[in-house]
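This is what each chain is made of:
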Amino acid sequence: MQRTNIADPAYFHKVVDCQYACPAHTPVPEYIRMVAQRRYGDAYMINWVSNVFPGILGRTCDRPCEPACRRGRVEEGNTKAPEPVAICRLKRVAADMKDDVRARMPKPGPKNGKRVACVGAGPASLTVARDLAPLGYEVTVFDGEAKAGGFIRTQIPRFRLPESVIDEETGYILDLGVDFRSGERIDSMKALLAQGWDAIFVGCGAPRGRDLDVPGRREAAAGIHIGIDWLNSVSFGHVSSIGRRVIVLGGGNTAMDCCRSARRLGGTDVKVIVRSGFDEMKASPWEKEDAQHEGIPIIDFHVPKAFVHEEGRLLGMRFEIVRAEYDGQGRRTLVPTGAPDAYFECDEVLVAVGQENAFPWIERDSGIGFDKSGLPVLEKSSFQSTVPHVFFGGDAALGPRNIITAVAHGHEAAVSIDKLLRAEPVYVRPAPMTNLVSQKMGIHEWSYGNDTSNDLRYKVPWAKAETALASIRVEVELGFDAATAFKEAERCLNCDVQTVFTETACIECDACVDICPMDCINFIDNGDEAELRPRLKAPALNLAQDLYVSGGLKTGRVMVKDEDVCLHCGLCAERCPTGAWDMQKFLLKMTPAGQGVTA
């Protein structure tokens, strides 16, 4: 194998698994250390620069960082399965416990004469506004609702996300001098184009819920509701009650929000019925757990067959019972079991079987191209459409995803808009800003806590069930207190503090090999990767993570370290008699709009 080029920012970025998995590349270990030091305002601002909505995401994020967390795969000796650091809930700690950060927010920049229109006031559009307004752009955000937030406000129930948090974090952006045109829904792209905007960003989401066309749907329509529309009505107080017996169809997070909302609005017999297996449901594992914790059963492998009704009154639903079969390529087919159809009585049904994009307001002769699935044709990295000054992001760009992905799209689109309006090529993306700084403070001392332990993940306390289920607006999760937040933050392995090896200083004494608790350091004859991985002291079987390979040593061998299971404990650097190993903090920040090198 070739010597690892640690000067390439992508190498150590990949080692910081949580940050690498985050679409917005939030420097997770950096802000977790701030939480441990009770520097909550600093932790909040680190988050705000990257993900824009720390308080919102600290309650609702899909948490792609957590399955990637090293803690979840290196612990040994636990009676329970190892669990990742509660990254998402520590983000909420920063938001809930910070001081007043308004003075730390950027100020509107001197106007540069360029006008940018954002369609929709969801997370993607607000991120574009947050990035461009301080640069002097005149940003106008249009939305049909009275308040900003988009689906954050209309589809996430208040028992998960209080409205005060949405108001606070959307307010930080609007206070940057953004012109928010509430109650103004854009109904014609051609008319918008004719207004002479220098750039237009479309972040209107995927506002249409999929329906279910099975017998009885039209006849029993009064008792059947599209999930996202129903959640919207609940959010704005247009719906305040529901029938006692409720069936929720679908296996995603929207279905989980529907069933838990129905439980609070009077549904005493609420069940989720899904066509896939329980483990294949699209809902996040914790969303399923929360629903079950509230006494809501999830019935899998039931395919809707008919709505049963009598003179237009919904009586129940009939389902075919299936099982999953897989072919040699792992493709799934649902096969009838032959068992009699299942029948469940119900008063109302909430259909949450998916969402799709709807662009009836974009005329097909406006110049904007769409693919066969109805999504806009975009340049992959810049989110630029076939009309050069029109950009898309969030669910409007690639279909339904999540808040943090929408934020990432907004950052990228803002860079593109800024480059376009500076007459620079939008396809040239700015490199991230990085540095490596040694953490050595003495012969055996480090500037960061490097003790490791097998502490189990700390649980977030909940409101009492009788209180939580009595109101749609009582927040269920109470968040960590300061003491528990400190203990959870201490579980972080500081994966951004990298083991950096200087081969010219190495005397091949094997002291680091002897002390390494994970057996991940090897001095070995080189070879190609496929042959080398199984030959290591502890075979490196996770191909998704790289091997750190040195240049040739005095004996002709090379040092090979498996980055996958390294604890970043620093014992190798403490033990090394020549300083060949050092612990260096790696910090990666994505370059925002307004910065970077031109082509």
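The numbers attached to residues start from 1 for each chain and follow its sequence in the written order. Two thresholds apply to this predicted model, a pLDDT of at least 70 for residue-level local features and 80 or more for giving and counting side-chain atom pairs, whereas whole-chain, interface and lining totals are computed over all residues. Heavy atoms throughout the structure, all of them, feed into the side-chain values; hydrogens and water do not.

**Description of helix α8 (residues 87-97)**
- Counting buried positions along α8 gives 9 out of 11 residues, so the element sits mostly inside the fold.
- Between buried and exposed lies partly exposed: a residue is buried under 20% and exposed over 50% of the maximum accessible area for its type, with that area taken using a 1.4 Å probe on protein chains only. Under the scheme used here, helices are H or I runs from DSSP no shorter than 4 residues and strands are E runs no shorter than 2 residues, and both carry numbers assigned from the N terminus. If you check which residues of α8 are buried, you get Ile87, Cys88, Arg89, Leu90, Lys91, Arg92, Val93, Ala94 and Ala95.
- Residues of α8 that are buried in the fold lie against α2 (17-21), α3 (28-36), α4 (40-51), α5 (54-60), α6 (65-68) and α19 (482-489). By definition in these notes, contact holds between two residues if any of their heavy atoms fall within 4.5 Å.

**Examining the packing of aromatic side chains**
- Under the pairing criterion, centres of Phe, Tyr and Trp rings, with the six-membered ring standing for Trp, must be within 6.5 Å; the plane angle then separates stacked pairs below 30 degrees from edge-to-face pairs above 60, leaving the rest tilted. This structure, assessed with the given rule, holds 11 aromatic pairs.
- Between Phe501 and Phe523 the ring centres are 6.4 Å apart and the planes differ by 65°, which places this aromatic pair in the edge-to-face class. Residue Phe501 is located in strand β18 (residues 497-501), and its partner Phe523 is located in strand β19 (residues 521-524); the two are separated by 22 residues in the primary sequence.
- The class of Phe501 is buried, set by a relative accessible area of 5%.
- A connected cluster of aromatic rings, assembled from ring pairs, spans Tyr11, Phe12, Tyr548 and Phe586.
- Over a ring means this: the NZ of a Lys or the CZ of an Arg is within 6 Å of the ring centre and within 35 degrees of the ring normal. The residue whose ring lies beneath Lys98 is Tyr44, and the NZ or CZ to ring-centre distance is 4.7 Å.
- Seen from the ring of Phe370, Arg364 lies directly overhead, with NZ or CZ sitting 4.1 Å from the centre.

**A few points about the packing of α3 against α19**
- Every axis corresponds to a line fitted to the C-alpha atoms, with the helix fit spanning only the stretch in contact, and the corresponding angles, defined between N-to-C directions, vary from 0 to 180 degrees. The geometry of α3 relative to α19 is characterised by a closest axis approach of 8 Å and an angle of 140° between their N-to-C directions. Taken together, the axes of α3 and α19 lie oblique to each other. When the axes of α3 and α19 are compared, the crossing they make is left-handed. Each of Ile32, Val35 and Ala36 in α3 lies in contact with α19, whose residues at this interface are Ala485, Phe486 and Ala489.
- Gly is put with the polar residues, along with every residue not named as nonpolar or charged; the nonpolar set is Ala, Val, Leu, Ile, Met, Phe, Trp, Tyr, Cys and Pro, and the charged set is Asp, Glu, Lys and Arg. When its residues are assigned to classes, the contact of α3 with α19 shows 6 nonpolar, no polar and no charged. Small angles under 35 degrees read as roughly parallel and large ones over 145 as roughly antiparallel, with 65 to 115 read as roughly perpendicular and the rest as oblique. Take the far helix as the reference: if the near one is turned anticlockwise from it by less than a right angle, the crossing is left-handed, and if turned clockwise, right-handed.

**Concerning the packing of α8 against α19**
- Orientation of α8 relative to α19, taken along the N-to-C sense of each, is 145°, at an axis distance of 10 Å. At the point where α8 passes α19, the crossing takes the left-handed sense. Seen from α8, the contacting residues are Leu90, Val93 and Met97; seen from α19, they are Ala482, Ala485, Glu488 and Ala489.
- Of the residues belonging to the contact of α8 with α19, the class tally is 6 nonpolar, no polar and 1 charged.

**Comments concerning the pairing of strand β12 (residues 332-336)**
- Whether two strands pair depends on DSSP finding at least two bridges between them. Across 5 bridges, the pairing between strand β11 (residues 313-326) and β12 is antiparallel. Residue pairing for β12: Tyr326 is matched across the bridge by Arg332.

**Overview of empty space enclosed by the protein**
- Buriedness of a pocket was judged along seven lines, with at least five required to meet protein on both sides within 12 Å; pockets are open sets of points on a 1 Å grid over the protein atoms alone, cavities are sets where a 1.4 Å probe fits but cannot get out, and lining residues have an atom within 4 Å of a point. Grid points are joined across faces, edges and corners, and a volume is the space filled by probe spheres set on the points. The final tally for this structure, using the stated rule, is 7 cavities of 30 Å³ or more.
- Empty space within the largest cavity amounts to approximately 140 Å³.
- Arg59, Arg89, Arg160, Asp290 and Glu477 are, among the 16 residues lining the largest cavity, the residues nearest its centre.
- Residue assignment for the lining of the largest cavity shows that the elements contributing at least two residues are α5, α8 and α15 (285-293).
- Here the residues of the lining of the largest cavity are counted per class, giving 4 nonpolar, 2 polar and 10 charged.

**Observations regarding the pairing of β19**
- By the alternation rule, side chains of β19 split into Ile521 and Phe523 and Asn522 and Ile524, which are all buried.
- Relative to strand β21 (residues 558-562), β19 runs antiparallel, the two sharing 4 bridges. When the bridges of β21 are listed, Asn522 appears paired with Val560.

**Section: the pattern of salt bridges**
- When a carboxyl oxygen of Asp or Glu lies within 4 Å of a side-chain nitrogen of Lys or Arg, that pair is called a salt bridge. What the rule picks out here adds up to 53 salt bridges.
- Close ionic contact of Glu66 with Arg457 constitutes a salt bridge, the shortest N to O distance being 3.1 Å. Residue Glu66 is located in helix α6, and its partner Arg457 is located in the loop between β17 (433-438) and α18 (465-468); the two are separated by 391 residues in the primary sequence.
- We note a salt bridge from Arg318 to Asp341, for which the minimum N-O separation is 3.5 Å. A residue pair is termed long-range when its members are at least 10 positions apart, and Arg318 in strand β11 and Asp341 in the loop between β12 and β13 (342-345) qualify at 23 residues.
- The class of Asp341 is partly exposed, set by a relative accessible area of 31%.
- Salt bridges here are not isolated pairs; linked through shared partners, they connect Asp17, Arg70, Arg73 and Asp564.

**Some points on the layout of surface pockets**
- Estimates place the volume of the second largest pocket at around 940 Å³.
- What lines the second largest pocket is a set of 39 residues, among which His411, Lys589, Met590, Thr591 and Pro592 lie closest to the centre.
- Where the lining of the second largest pocket is concerned, the elements lending two or more residues are α1 (9-15), α4, α9 (123-132), α17 (403-421) and β22 (581-589).
- Top element by residues in the lining of the second largest pocket is α17. It accounts for 6 residues.
- Of the residues that constitute the lining of the second largest pocket, the class distribution is 22 nonpolar, 10 polar and 7 charged.

**Digging into the sheet that holds β17**
- Taking strand neighbours across the sheet as the criterion, the 3 strands line up as β17-β22-β18 in an open arrangement whose pairing is antiparallel. Edge strands, defined here as strands with exactly one partner in the open sheet, are β17 and β18. This sheet shows a mean twist of 35° between the axes of neighbouring strands, independent of strand direction.
- Pairing between β17 and β22: 6 bridges, direction antiparallel. Looking across to β22, one finds that Ser438 is bridged to Gln584.

**Concerning helix α11 (residues 163-174)**
- Under the 1.5 Å per step criterion, the end-to-end length of α11 is 16 Å for 12 residues, consistent within 8% with the ideal 16 Å.
- Along α11, the positions that sit buried rather than exposed are Val165, Ile166, Glu169, Thr170, Gly171, Tyr172 and Ile173.
- The secondary structure elements touched by the buried residues of α11 are α4, α5, α9 and α10 (151-154). A helix is expected to reach a length of 1.5 Å times the quantity of its residues less one.

**Examining the sheet that holds strand β2 (residues 138-143)**
- With respect to topology, 5 strands assemble into an open sheet ordered β3-β2-β1-β4-β16, the strand pairing being parallel. Two strands lie at the open edges of the sheet, namely β3 (179-182) and β16 (390-392), each paired on one side alone. For this sheet, the mean inter-axis angle between neighbouring strands, taken without regard to orientation, is 20°.
- Packing of α9 onto the sheet brings it into contact with β1 (115-119), β2 and β4 (199-202), and relative to β1 it is tilted by some 160°.
- Lying over the sheet, α17 contacts β1, β4 and β16, oriented at roughly 165° with respect to β4.

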